[in-house]
Amino acid sequence: MIQTPTQPTVAIAGGGLAGLAAACALADSGFRVMLFERRPYLGGRASSYEHPGTGEVVDNCQHVLFRVCTNLVEFYRRIGVEDKIRWYDEMTFIEPGGRTSVMRASPLPAPLHTAPSFLRFPFLSAKDKFVISRAIAALTLTSQPDTGRSFLDWCRRHGQTENAIQRFWKPILISSLSEDLDLISISYAAQVVRESMKSPAARHMGVPAIPLTELYNRAGDYIRARSGQIRFRASLETFFSEPTQVKVRVSEAEETFDYLVLALPFDGLDRVLPETPEAVPLREKLTHFESCPITGIHLWFDRQISDLDHAVLLDRTIQWMFHKSRLLATRGNAQGDSGSYIELVVSASKTLIDKSRTEIVDLALKEVREFFPEARTANLVKSTVIKEVHATYSPRPGIDAYRPQQTTAWPRVFLAGDWTATGWPATMEGAVRSGYLAAEALMVACGMTDRKFLVPDLPASGLMRLFAR
Ligand SMILES: Cc1cc2nc3c(=O)[nH]c(=O)nc-3n(C[C@H](O)[C@H](O)[C@H](O)COP(=O)(O)OP(=O)(O)OC[C@H]3O[C@@H](n4cnc5c(N)ncnc54)[C@H](O)[C@@H]3O)c2cc1C
């Protein structure tokens, strides 16, 4: 047990969701928190800023959550922004040409609640629906360990038709896991399916109604209100772990704390690890991670092009449309009430990385006009493209073996980040879980083993209670 006579101090490196969750939990538990963030704003990979080219405040990319993200929802409640999330219980799929199909829950018990709308989908044949239902049953009801093979391989071995793969599995899984099906591990795919089938509420999608950094600034207020501090443009360079303290070097100055939480992305952690033998196993694990890109295309039109708030787009490069001027309804937009602002999202956007901004906007406009007839006569007022090349870690077969726990070889140093071992893929929920797990591990090091921050998973309902794990 490690004890300190006065209020214990903790340095947290990284002001993304993982660092903020750890900081809020620890500040609330009597620790004096100092959070170091390299950038001038909070939120990390879930942030917003005033875009110099357009003069608009844009999210680096649209972020959504689901009701199964219980720790993220608790985090929003904790920092007082729960009412800034809009919840939707319907999901619209659109085919090129504009035909729409809506997925919504019926009164049937889980996992049958979406069956009536699924069975009516005109873009899937009877055979597609049969093989998909059989696959959902296998993924939901039986354990699916990581076999080292990809989900695409699993689909082929489980009789999935090409149409089922292209129009069902791709839209559902690529946007959830930000990776192509031939690189997604079966266990990650099964987790997404199982979580989304466990109850009707599980599929409810939440969309922030304010820009992301505005949302996460409230975590900064929460930390400051509990005598914590946030230092922007402060980059952790390295640390020295000693038996009774940790020294951190930040922007060429050295400071001493009782504990340190490293809440950095995997590609940023390597740079700050000390050149000591204890760092070797962790360094080795980091070499197994690869990242996957996500691209957001922001378009401002001189008129409305759709009355939908969001939609899944089938068969083209663009996967999602978010109607930002409706989602951020209280704000208005530069075109006045008659204009509209939409963001288009492409996950696992490897084919766009080498394309120019103009090429991507041209492609997006062409596709938008296929899905939304009103866009054919609308004028594009302005646009921008945000490529996040290192958006998320790739959930490849075998990767879980390399995701580190939150404790480290240094008793006073803890890890957080969406890529650490949380049982969740790279999501805001995964990041918050990692922050809470790091805070719990730190409490254990202080001898406070009964302090828990993680909250229970969403309970299964209906028939899914029989298969709850
Ligand atoms: C384009 C895109 C779309 C996404 N869409 C979704 C979505 O819809 N839903 C969802 O749940 N998730 C989504 N995600 C994933 C989600 O954003 C991440 O999983 C989550 O934000 C990761 O949080 P984190 O704290 O682990 O890491 P980060 O957010 O990367 O935070 C790490 C922080 O550390 C800082 N830092 C780095 N090095 C140093 C240093 N040396 N010293 C101090 N600070 C440092 C960084 O500036 C950063 O702020 C998306 C991600 C991207 C990029």
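Residues numbered from 1 in each chain as written. Predicted model: local features only at pLDDT ≥ 70, side-chain atom pairs only at ≥ 80, totals over all residues. Heavy atoms only, no water.

Novice: Go over the domain arrangement of the protein chain with me, naming the residues and quoting the values.
Specialist: When the domains of the protein chain are assigned, the result is domain 1 (9-46 + 211-289 + 402-445), domain 2 (90-203) and domain 3 (290-393). Relative to domain 3, the C-alpha centre of domain 2 lies at a distance of 24 Å. Each partner contributes to the interface: domain 2 provides 19 residues, whereas domain 3 provides 20 residues. Across the domain 2/domain 3 interface, buried area totals approximately 1700 Å², and carbon plus sulfur atoms make up 59% of it. Three residues, Ile 94, Pro 96 and Ser 178, lead the burial of domain 2 against domain 3; their summed loss comes to 35% of the area buried on that side. (Domains from an automatic or database assignment. Contact = heavy atoms within 4.5 Å. Buried area = accessible area lost by both parts, 1.4 Å probe.)

Novice: Go over the site of the ligand with me, naming the residues and quoting the values.
Specialist: Lining the immediate surroundings of the ligand are 32 residues, of which Glu 37, Arg 45, His 63, Asp 418 and Met 428 lie closest. Here an oxygen atom of the ligand sits 3.1 Å away from a polar atom, N or O, in the main chain of Leu 17. The contact in question runs from a nitrogen atom of the ligand to an N or O atom on the backbone of Arg 38, over 3.2 Å. In isolation the ligand has 1000 Å² of accessible area, and contact with the protein removes 94% of it. Elements that contribute at least two residues to the shell around the ligand include exactly helix 1 (17-27), strand 19 (380-393) and helix 13 (428-445). The biggest single contributor to the shell around the ligand is strand 19, with three residues. When grouped by side-chain class, the residues that make up the shell around the ligand number 15 nonpolar, eleven polar and six charged. (Near = heavy atom within 4 Å. Polar contact = N/O pair within 3.5 Å; in protein donor to acceptor, adjacent residues only side chain to side chain. Areas by Shrake-Rupley, 256 points an atom, 1.4 Å probe, with all protein chains shown as cover. Helix = DSSP H or I, 4+ residues; strand = E, 2+ residues; numbered from the N terminus. Nonpolar A, V, L, I, M, F, W, Y, C, P; charged D, E, K, R; others polar.)

Novice: Describe the nonpolar core, and please don't skip the residues or the numbers.
Specialist: Residues Phe 151, Trp 169, Leu 173, Val 248, Leu 262 and Leu 269 are the most contacted members of the largest nonpolar core, which totals 76 residues. In contact with Val 248, not counting residues within four places along its chain, are Ala 11, Phe 36, Leu 236, Thr 238, Phe 239, Ala 253, Glu 254, Glu 255, Phe 257 and Leu 260. Listed in part, the 55 residues of the second largest apolar core include Ala 18, Val 33, Tyr 436 and Ala 438. (Core = buried A, V, L, I, M, F, W, Y, C linked by side-chain atoms within 4.5 Å. Buried < 20%, exposed > 50% of the residue type's maximum accessible area, 1.4 Å probe, protein only.)

Novice: Got a sec to walk through the sheet that holds strand 1 (residues 9-13)? Specific residues and values, please.
Specialist: Spatially, the five strands line up as an open sheet ordered 10-2-1-14-20, and their pairing is parallel. Strands at the two margins of the open sheet, each flanked by one partner only, are strand 10 (229-231) and strand 20 (413-415). With strand direction ignored, the average angle separating the axes of adjacent strands in the sheet is 20°. Pairing geometry for strand 2 (residues 32-36) and strand 10, over three bridges, is parallel. Note that in strand 10 the partner of Leu 35 across the bridge is Ile 230. (Pairing = 2+ DSSP bridges. Axes fitted to C-alpha atoms, helices over the stretch in contact; angles between N-to-C directions.)

Novice: If you had to explain the sheet that holds strand 13 (residues 253-257) to someone new, which residues and values would you point to?
Specialist: Pairing in this open sheet of three strands is antiparallel, and the strands run 11-12-13 from one edge to the other. The open sheet terminates on both sides in strands that have one partner only, identified here as strand 11 (236-241) and strand 13. Recorded for the sheet is a direction-independent mean angle of 25° between the axes of neighbouring strands. Where strand 11 lies against strand 12 (residues 246-250), five bridges are found, and the strand directions are antiparallel. What sits directly across from Phe 239, in strand 12, is Val 248.

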